[in-house]
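Descriptive analysis of the structure
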Amino acid sequence: MRENVTKQEYDLTTDAPFLQAELMDVMRLFGADAPKAEHTFAADGDRFLNTVRIGGKEYTFCERQPYEGEIEFKRYARRFAKLALYEALKAETGRSMPWGALTGIRPTKLAYAEEEAGRDFEPLFEKFGVSKGNIRLVRAVLDAQKGIYSREAGMADLYIGIPFCPSKCNYCSFITADIKRTGQYLDGYLDALEKEIAACKGLYRTLRSVYIGGGTPLVLPSEALRRVLNAAAPFAAECAEYTVEAGRPDVFTDEKLQMLKEYGVTRICVNPQTFSDATLERIGRNHTSADIYRAFEMAKKYGFDVNCDLIAGLTGETAEEFKESVDKAAALSPENITVHTLCLKKGARLKEEESYLCVADISEMIAYSREKLHAAGYVPYYMYRQKYMAGNCENTGWTKPGKACIYNVDVMEEISDNIACGANAVGKKIFPAEGRIERIGAPKDIPTYIQKISSIIESKKLFLSEK
Ligand code: SF4
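Remember, predicted model here, so these are calculated numbers, not experimental data.

Where the parts come together, the accessible area they lose is often given as the size of the interface. Domain boundaries assigned for the chain yield domain 1 (1-95), domain 2 (97-144) and domain 3 (155-451). Taking the mean C-alpha position of each, domain 2 and domain 3 sit 26 Å from one another. The interface is formed by 19 residues belonging to domain 2 together with 20 residues belonging to domain 3. Buried area between domain 2 and domain 3, both sides added, is near 1,500 Å², and the carbon and sulfur share of it is 54%. Three residues stand out in domain 2 for area buried against domain 3, namely Trp99, Arg106 and Leu137, and they jointly supply 33% of the buried area on that side. For the interface between domain 2 and domain 3, the tally reads two salt bridges. Across the pair Arg106 and Glu414 runs a salt bridge whose closest N-O atoms are separated by 3.6 Å. The interface formed by domain 2 and domain 3 includes seven residue pairs in polar contact (both at pLDDT 80 or more). Counting only elements with at least two residues in the side of domain 2 that touches domain 3, the list comes to α3 (107-116) and α5 (132-144). Counting residues per element, the side of domain 2 that touches domain 3 draws most heavily on α5, which supplies seven residues.

Below is the structure:
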C-alpha cells in the first residue's frame with residue numbers, strides 16, 4: 001500500500017467537540033483508507049455511550065466506568081470514544097493497527113499509570129487492541145528501566161542544542177541548517193548559549209545527565225566545540241552520564257574526539273541512519289557507509305559508549321536493504337542502537353516535495369529489527385511514537401544490559417526536569433505530586449534567539465525556580 005503522507009483530510013463529524021482531536025488522531029491511523037464517519041456521544045451516570053455511523057452502518061458501544069470529577073470524566077470519555085471509532089473503522093476497513101486505538105506518543109506512560117494504580121497494564125492494552133508483540137515490547141521496556149526510572153522530585157537533565165549541520169537531510173524537519181548558510185551566526189549563537197547555560201547552574205537539586213544534541217555538534221569548528229564543552233563542564237562534573245550526539249560520520253576527526261574525551265564525555269552517537277550508499281545519497285547526507293565504519297572505529301578507539309541510529313522507511317529503501325543495515329549495525333556491536341520509523345513533519349523537504357512514502361514493508365522492517373537485536377543481546381529500554389509515523393509504528397532504543405542511556409529514559413518518560421538551552425530547545429518542569437508538566441520554549445530562529453537572550457534567561461530562571 002502507498003500512503004499519501006502529505007495532505008490528508010478526514011471526513012469526521014462529532015456532536016462532542018471536546019472529543020474531536022482524539023477522534024481525528026484515530027482517523028489519521030487509517031490514513032487514506034479512513035471512510036467518512038459520524039460520531040455521537042452521550043453520558044448517563046457511569047455509562048459512556050458512543051455511536052459511530054459509517055456508510056449505512058451504525059456501531060454502538062456502551063462502557064460502564066465510575067469516575068470522580070470532570071478531569072477523570074473527560075479522560076474516560078476520550079478513551080472510550082477513541083476505542084469506539086477505532087473498532088468501527090477496523091470493522092469497516094478490515095484493517096487493524098499495531099498499537100490498536102492507542103494514539104498517544106508515550107504508551108509506556110500509560111502502562112506506568114496503570115501499574116501505579118495497582119493494576120496490570122496488559123488488560124487495558126489488550127482492550128485497546130494493542131498487538132501482543134507491542135505489549136511484550138512495553139513490558140520489556142518497563143523491565144529495562146528498573147533501577148533508572150524514578151519519580152523522585154527535583155531531578156534534572158541538561159540539554160544543549162547545536163542547530164548546525166553539514167547539509168540538510170531531506171526528511172529532516174528540525175530547525176537545523178547547513179552550516180555554510182548559517183555559520184555567520186555561530187559566534188553570536190555561542191555567546192548567547194554560554195550565558196544561558198551559565199544561568200542554569202544550581203537551578204535544580206540533582207543533575208542526572210548532560211546531553212549535547214543537534215543538529216550535528218561535531219560540525220562545529222574545534223574552538224567553537226571547545227566553547228560548548230567548557231560551558232557544559234561544571235554540569236558534567238556533577239553527573240556520571242555525558243552524551244554528545246556527535247552525529248554524522250563525515251564530521252568525525254581525531255582532534256574533536258580527543259577533545260570530547262578530555263572533557264569527560266562518556267557516550268557519543270554515530271548516526272548512520274542506513275548503511276546503503278544509494279539511500280545515503282538519496283536522502284541528502286554527504287557521506288558514505290565507509291565513513292560510518294571509520295567514525296565507529298574512531299569512537300571505540302577513544303573508549304566511548306556508542307549509540308547508532310537507524311531509520312526504517314527511508315525513501316526508496318526496501319525491507320532487505322533495511323535488514324542489511326540492522327545486521328551491519330548489530331555486527332559493530334555498539335552499546336545502543338536506536339531504530340526509528342520515518343516520520344515526516346512540516347519542514348521536511350521530502351514532505352514539501354509531496355513525496356509518497358511506501359509503508360508496505362515497515363512492519364516487516366520493525367519486526368526484523370526486534371528479532372535481530374534481541375538475538376544479538378540487546379533489550380528495548382525506551383520507546384515512543386509520533387504522529388505521521390510510517391506504518392503507525394514506533395521508535396525504540398535498544399541497549400546492551402547495563403548500558404541504557406539515562407537521558408533518554410528521563411526525557412521519554414517525563415520523570416525529570418529538562419533544562420534545555422539553545423534555539424528551539426523546549427524545557428520541561430515536572431511536578432510529580434500533581435502529575436503536572438510545564439514547558440518553556442525558545443525561539444526557533446537563531447538570530448531571534450541571539451537577540452532575545454536576556455529575556456530568555458530571565459524567563460528560564462523563573463521557570464526553573466517554580467515550586
Ligand atoms: S537529520 Fe540530523 S544530520 Fe540531517 S539535517 Fe536533520 S539534524 Fe542534521
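The next subject is the layout of surface pockets. By volume, the second largest pocket amounts to about 1,300 Å³. Along the walls of the second largest pocket sit 37 residues, with Arg75, Arg79, Lys109, Leu110 and Ala113 positioned nearest its centre. Counting residues per element, the ones that place at least two in the lining of the second largest pocket are α1 (20-30), α2 (69-93), α3, β18 (426-431) and β19 (436-441). If one sorts the elements of the lining of the second largest pocket by residue count, α2 sits on top with eight residues. In the lining of the second largest pocket, the residues fall into 15 nonpolar, three polar and 19 charged.

Here we take up empty space enclosed by the protein. Enumeration over the complete set of coordinates arrives at two cavities of 30 Å³ or more. Approximately 50 Å³ is the volume attributed to the largest cavity. What lines the largest cavity is Val339, Ile366, Ser369, Arg370, Glu394, Thr396 and Trp398. Contributions of two or more residues to the lining of the largest cavity are made by α14 (362-375) and β16 (395-399). Broken down by element, the residue count for the lining of the largest cavity peaks at three residues, all from α14. Along the lines of polarity and charge, the residues of the lining of the largest cavity split into three nonpolar, two polar and two charged.

The environment of the ligand is formed by Cys165, Ser167, Lys168, Cys169, Tyr171, Cys172, Thr176, Gly215, Thr216, Arg248 and Arg285. In terms of residue class, the shell around the ligand is made up of four nonpolar, four polar and three charged.

The next thing to look at is the pairing of strand β11 (residues 267-273). Among the seven residues of β11, seven are classified as buried, and the element is accordingly described as predominantly covered. Going residue by residue along β11, you find Arg267, Cys269, Asn271 and Gln273 tucked away on one face and Ile268, Val270 and Pro272 tucked away on the opposite face as well. Where strand β10 (residues 241-247) meets β11, three bridges bridge the pair, whose relative direction is parallel. Considered in β11, the bridge of Thr243 is made with Arg267.

On to the packing of α3 against α5, then. Helix packing geometry: the angle between the two helix axes and the distance between the axes. Where α3 meets α5, the axes come as close as 10 Å, and the angle between the chain directions of the two elements is 70°. With respect to α5, the element α3 is oriented roughly perpendicular. Touching Pro107, Thr108, Ala111, Tyr112 and Glu115 of α3 are Val138, Arg139, Val141 and Leu142, all from α5. For the contact of α3 with α5, the class distribution of residues is six nonpolar, one polar and two charged.

This part is about the confidence of the model for the chain. The pLDDT averaged across the chain works out to 91; a share of 94% of its residues lies at or above 70. Overall, residues 1-7 carries pLDDT values under 50, and its contacts beyond four positions in sequence, including any with other chains, amount to 19 contacts.

Before going further, it helps to spend a moment on the environment of Thr288. Along the chain, the position of Thr288 falls in the loop between α10 (277-282) and α11 (289-301). Classification of Thr288 as partly exposed rests on a relative accessible area of 35%. Distance in space between the C-alpha atoms of Thr288 and Ser150 is 40 Å, their sequence separation being 138 residues. For Thr288, the residues in contact, after removing those within four places along its chain, are Asp277 and Leu280.

About the criteria used
Residues numbered from 1 in each chain as written. Predicted model: local features only at pLDDT ≥ 70, side-chain atom pairs only at ≥ 80, totals over all residues. Heavy atoms only, no water. Domains from an automatic or database assignment. Contact = heavy atoms within 4.5 Å. Buried area = accessible area lost by both parts, 1.4 Å probe. Salt bridge = Lys/Arg side-chain N within 4 Å of Asp/Glu carboxyl O. Polar contact = N/O pair within 3.5 Å; in protein donor to acceptor, adjacent residues only side chain to side chain. Helix = DSSP H or I, 4+ residues; strand = E, 2+ residues; numbered from the N terminus. 1 Å grid on protein atoms, 1.4 Å probe; cavity = no way out; pocket = protein on both sides within 12 Å on 5 of 7 lines; lining within 4 Å. Points joined across faces, edges and corners; volume = space filled by probe spheres on them. Nonpolar A, V, L, I, M, F, W, Y, C, P; charged D, E, K, R; others polar. Near = heavy atom within 4 Å. Buried < 20%, exposed > 50% of the residue type's maximum accessible area, 1.4 Å probe, protein only. Pairing = 2+ DSSP bridges. Axes fitted to C-alpha atoms, helices over the stretch in contact; angles between N-to-C directions. Parallel < 35°, antiparallel > 145°, perpendicular 65-115°, else oblique. pLDDT = per-residue confidence, 0-100.

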